[in-house]
Each structure stands twice: as structure tokens, then as C-alpha cells.
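# Structural description and commentary
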Amino acid sequence: MSSAASEPATDDVLGLLATMHLIREFEEAAGAALHAGQVRGSVHQYTGQEAVATGVCCHLGPGDYVSSHHRGHGHAIAKGVSPARMMRELFGRQGGTSGGKGGSMHIADFSLGMLGANGVVPDGVTIAVGAAQALKMQDKPGIVVAFFGDGAMNRGPLFEAFNWAKLFRLPVLFVCEDNGWSVTLRTRTVTGGPPAVERVAAFGIPVSRVDGNHVVAVRRVAQDLVAAVRSGAGPQFLHATTDRWHGHLAHDCQRYRDPQDIERVRQDDCIASAERWLAQRGVDAGRLAAVREQARRTIAGAVDEAAAAPWPDPASAYTDVQDIGSAAWR
Ligand SMILES: Cc1ncc(C[n+]2csc(CCOP(=O)(O)OP(=O)(O)O)c2C)c(N)n1
């Protein structure tokens with residue numbers, strides 16, 4: 001099961017870099033669009049955490065599923081969802097992933113195995129375990145990856161999900177993206193008893209740790225964990241330490257945070273680290289710049305397209321939504 005400790009090919013890492021740039025550009029553009037009044041509601045930027053989604057999702061195929069949380073754009077892009085359709089969704093326009101009715105916190109594309117972002121902490125995880133149960137009952141080969149934050153480790157449904165997944169030996173990989181924050185609080189200041197890793201180990205679920213700011217490291221560790229889940233070993237848990245560059249959401253200017261801490265996390269940039277890795281193996285600066293430029297153009301195009309896209313037909317407000325007023329209930 002142990003993955004070859006051999007290095008990945010530079011072309012593979014260039015592919016990971018391209019995905020990370022797409023996520024970064026998407027997040028910065030989404031934040032700018034929010035401040036420009038083009039996007040309503042809230043936007044939780046994933047900037048700084050790109051290596052986690054990228055290094056895990058590169059091992060997934062079309063038959064695999066991902067569930068996400070409120071900071072979910074990066075997971076969707078890494079699973080292959082179209083950034084142009086996602087941007088339309090943020091702008092509330094026709095052609096968005098949910099027809100413009102879901103917005104930033106409800107990006108889903110079932111055709112690609114993206115089960116959705118979720119604003120309720122940690123309901124994406126319970127959904128993931130339900131999906132894993134369905135795969136097992138239908139004897140399908142896919143696996144499910146559940147992404148969630150360290151703040152979610154203080155909510156009860158998460159422990160129910162761990163217990164269930166372990167009990168039924170479900171094909172699910174839990175990925176805790178530990179950026180140290182729960183909204184404006186340091187998670188450790190609102191956590192009683194032992195933190196994330198010890199809590200999970202108590203369920204008998206194997207735990208692995210990785211520096212989530214280094215995509216090559218995440219890719220390597222995730223390769224083994226995905227293989228273990230695929231082979232029927234049951235749930236696995238990855239604890240990835242990482243950094244949130246921006247506030248909890250794009251409106252939050254982080255007055256509660258030491259500016260030196262923000263500077264420190266920006267120095268440990270996952271994109272810069274991947275570029276260094278590639279440069280050390282002979283990839284020239286021009287090629288690296290071209291990858292960045294391609295992502296910049298793709299996302300600029302997505303923004304232009306979203307801004308020009310038509311609004312949904314008002315009549316569509318009543319389609320594809322839960323019907324809680326049906327005559328059958330009265
Ligand atoms: C059930 C529930 N309680 C509270 C909230 C408010 N809330 C939104 S995000 C969050 C904490 C998020 O921290 P974490 O899970 O670590 O994710 P991060 O924002 O750091 O990525 C909270 C408490 C919520 N969305 N859902």
C-alpha cells in the first residue's frame with residue numbers, strides 16, 4: 001500500500017501548480033467582486049489553503065465524491081468543477097452551478113461528484129458518510145472525501161459521523177484542514193480536552209499528519225490514504241496544518257489578528273513552495289509564469305462572462321427547491 005516514495009514527475013507538479021493558481025485567482029477575484037458589489041451574500045476565501053484540496057483531489061476519479069464546507073471553492077475546482085460556472089453562481093446568474101440560486105456556500109455539481117459546499121458546520125461530513133454508506137450498499141468502487149475545518153472538531157455530528165464510518169468500515173477519507181481559526185477565535189482557546197488528532201484516534205480511525213502548505217507532501221500522504229480507503233481498509237483521517245490568509249469571510253478585515261501573523265503565513269505560501277520545488281528541478285521561470293498567466297486569464301474570463309450573463313428567470317425561483325408547501329401536506 002505504501003506509495004512509491006519516488007518523486008512525482010515535474011509535469012504532474014506543474015499540473016498541481018496550475019490547479020492551485022486557478023483556485024487562488026478565483027478566490028481573489030471572488031473577493032474583489034464582492035467588494036465591488038457584484039456578488040451578494042458572503043464569500044469565504046480559501047486563499048492560502050490551496051495545496052490541501054489540490055494534493056488530495058488529484059487522486060480522485062469520476063466515480064469518487066467530495067463534500068465540502070463553507071470555504072469550499074477550492075475543493076470544487078480541484079474536483080474539476082468549471083470555474084466559469086462557479087463564478088456565474090456567485091454572481092447569481094443563469095448557467096451557475098445551481099442556476100444562480102445557491103451562491104458561494106452551495107457550489108455543487110453532482111455530475112462531477114461534487115456533493116456540495118455547506119454552511120452548517122460540519123454537515124458536509126455527515127453527508128459524506130451517508131454517500132460512503134450508499135457506495136458500500138450499492139457495491140460501487142468509489143470513495144468519498146470529506147473536507148472540514150478544525151473548528152468543526154468541536155461539534156457533535158462530526159463524532160457521530162466518525163463512529164458510523166468506523167462501525168461500517170466505510171470508504172471515506174476525512175480531511176481536517178487545520179488553519180487554527182474558528183471565525184475570530186483561535187480554535188485552541190475554545191477546545192476542551194485533547195485536540196483533533198487525539199480525538200479521532202479514540203475512534204480507532206488511523207490518523208496521518210501533513211504540512212498542508214506543501215502540495216507535494218500532501219499529494220504523497222493522500223496517495224497512501226486514498227489507496228487504503230479504496231482497498232477497503234475503512235475510514236482514514238488526514239490532519240493537514242495550513243493557513244488562512246484572509247478573514248473568516250471577505251468582509252472580515254481581521255482586526256483581531258496580529259499583523260505579524262498574517263505576514264508570517266504569507267511567507268509560507270503553498271504556491272511559492274511548489275514553484276521552488278519545480279525551479280530546483282530545472283523548470284524555468286518563464287514556464288512558471290505561463291502557468292500563472294493562464295490561470296489569471298481563465299478567471300478574468302470567468303468574471304467577465306459572469307458579469308454579462310443573464311439573470312435567472314424569476315419563474316425559476318420555484319424550481320429545484322424543496323417543496324414544503326405542497327397541497328398534500330395541508
Ligand atoms: C452549526 C453551526 N454553528 C456555527 C456556525 C457558524 N460558523 C461558521 S464557520 C464556523 C467555524 C469555522 O471554523 P473551521 O471549521 O475551522 O473552518 P474555517 O472557517 O477555519 O475554514 C462557525 C462556528 C455554523 N455555520 N454552523
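As a further point, take the site of the ligand. Lining the immediate environment of the ligand, one finds 16 residues, of which His70, Arg71, Gly119, Gly151 and Trp181 sit closest. His70 is positioned with one of its side-chain polar atoms (N or O) 2.7 Å from an oxygen atom of the ligand. Contact distances for the ligand include 3.2 Å between a nitrogen atom and a backbone N or O atom of Val121. Protein coverage of the free-state accessible area of the ligand, which is 580 Å², stands at 73%. Each residue belonging to the shell around the ligand can be placed in one class, and the counts come to five nonpolar, eight polar and three charged.

A separate point is the packing of aromatic side chains. Across all of its chains, the model carries nine aromatic pairs by this definition. Ring centres of Phe159 and Phe203 lie 6.0 Å apart, and the angle between their planes is 10°; this geometry places the pair in the stacked category. Remark: Phe203 occurs in the loop between α7 (196-201) and β6 (207-211) and Phe159 occurs in helix α6 (residues 156-167); sequence separation between them is 44 residues. Exposure remark for Phe203: the relative accessible area of 24% places this residue in the partly exposed category. Judged by centre distance (4.8 Å) and plane angle (45°), the rings of Trp164 and Phe168 are tilted. On the basis of relative accessible area, Trp164 is assigned to the partly exposed category, the value being 40%.

Attention now goes to the sheet that holds strand β3 (residues 172-178). With parallel pairing, the five strands of this open sheet are ordered in space as β1-β2-β3-β7-β6. At either end of the open sheet lies a strand with only one pairing partner, and these are β1 (65-67) and β6. On average, adjacent strands in this sheet sit at an angle of 20° to one another, irrespective of strand direction. Pairing between β6 and strand β7 (residues 236-241): five bridges, direction parallel. Residue Arg209 lies in a different strand from β7, and its bridge partner there is His239. Against the sheet, α6 makes contact with β2 (144-149), β3 and β7, and its axis sits at roughly 150° relative to β3, the strand it touches most. Sitting on the sheet, helix α8 (residues 215-230) touches β3, β6 and β7, and the angle it makes with β6 is about 160°.

Conventions used here
- Residues numbered from 1 in each chain as written.
- Predicted model: local features only at pLDDT ≥ 70, side-chain atom pairs only at ≥ 80, totals over all residues.
- Heavy atoms only, no water.
- Near = heavy atom within 4 Å.
- Polar contact = N/O pair within 3.5 Å; in protein donor to acceptor, adjacent residues only side chain to side chain.
- Areas by Shrake-Rupley, 256 points an atom, 1.4 Å probe, with all protein chains shown as cover.
- Nonpolar A, V, L, I, M, F, W, Y, C, P; charged D, E, K, R; others polar.
- Phe/Tyr/Trp six-rings, centres within 6.5 Å; stacked < 30°, edge-to-face > 60°.
- Helix = DSSP H or I, 4+ residues; strand = E, 2+ residues; numbered from the N terminus.
- Buried < 20%, exposed > 50% of the residue type's maximum accessible area, 1.4 Å probe, protein only.
- Pairing = 2+ DSSP bridges.
- Axes fitted to C-alpha atoms, helices over the stretch in contact; angles between N-to-C directions.
- Contact = heavy atoms within 4.5 Å.

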